Amino acid sequence: MSALRPAPAPTVASAPYWQALHDHRLVAPRCLRCGTLFFYPRARCPRCLHDGLEWVPLSGQGRVYSTTVVRQALHPAFVDEVPYAFAVVELDEGIRMPTNIIDCDPAAVGPDDPVEVVFVDVDDDLTLPMFRPARS
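Given the structure is predicted, the values throughout are model-derived calculations rather than measurements.

Undergrad: Before we move on, can you summarise the packing of aromatic side chains with the specific residues and values?
TA: For the structure on display, the rule yields two aromatic pairs. Three or more aromatic residues joined by ring pairs form one cluster here, namely Tyr 17, Trp 18 and Phe 39. Cation over ring: Arg 96 sits above Tyr 65, and NZ or CZ is 3.6 Å from the ring centre.

Undergrad: Explain the nonpolar core to me, using residue names and the numbers behind them.
TA: Grouped together as the largest cluster of nonpolar side chains are 17 residues, with contacts concentrated most on Leu 26, Leu 91, Ile 101 and Phe 131. Going through the elements one at a time, helix H1 (15-22), strand S4 (84-91), strand S5 (96-101) and strand S6 (114-121) are the ones with two or more residues in this core. In terms of residues, this core owes the most to one element, S4, which gives four residues. When residues no more than four places from it in sequence are discounted, the contact partners of Leu 91 are Leu 26, Leu 58, Gly 60, Gln 61, Gly 62, Met 97 and Phe 131.

Undergrad: Describe the environment of Pro 29, with residues and values.
TA: For Pro 29, the location among the structural elements is in strand S1 (residues 27-31). The buried category is assigned to Pro 29, whose relative accessible area is 0%.

Undergrad: Which residues make up H1, and what values go with them?
TA: Those residues of H1 that fall on the buried side of the exposure criterion are Tyr 17, Ala 20 and Leu 21. One side of H1 holds all its buried residues, which, seen down the axis, span an arc of 100 degrees. Where the residues of H1 are buried, they touch S1, strand S2 (53-57), S5, S6 and strand S7 (127-133). His 24 lies just past H1 and shows a positive phi near 60 degrees.

Criteria and cut-off values
- Residues numbered from 1 in each chain as written.
- Predicted model: local features only at pLDDT ≥ 70, side-chain atom pairs only at ≥ 80, totals over all residues.
- Heavy atoms only, no water.
- Phe/Tyr/Trp six-rings, centres within 6.5 Å; stacked < 30°, edge-to-face > 60°.
- Lys NZ or Arg CZ within 6 Å of the ring centre and 35° of its normal.
- Core = buried A, V, L, I, M, F, W, Y, C linked by side-chain atoms within 4.5 Å.
- Buried < 20%, exposed > 50% of the residue type's maximum accessible area, 1.4 Å probe, protein only.
- Helix = DSSP H or I, 4+ residues; strand = E, 2+ residues; numbered from the N terminus.
- Contact = heavy atoms within 4.5 Å.
- Arc of directions from axis to C-beta.

Bear in mind that shape data such as this cannot, by itself, settle questions of function.
Here's what the structure looks like:
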């Protein structure tokens, strides 16, 4: 019997992000006062602390900022997934987000590799943004 995968617990501040993922859209909050686009979703701008935010669509295109190959599962639910490439991706819009790089050899992923978003439907209630090498 496999272990249950840990799932995020959406908050009032992050609910629009999770709903967009469910709809296979990638979005991020942007401050209405200073224009800062940021990730992870939170209730206030990390730059000016303003609470006026709007959700803007993201291209889903970016480059690997840093990466490592995970070879040992840190949770029983991920035993069948190792090895996998864990990375921080810098999106074309300038924000960085942690993710997995899929559909490739994990050891072949390197800094500055171009990637594109893939929406992985874990179940009916959870969709995760992962990335794969960009296709020309």
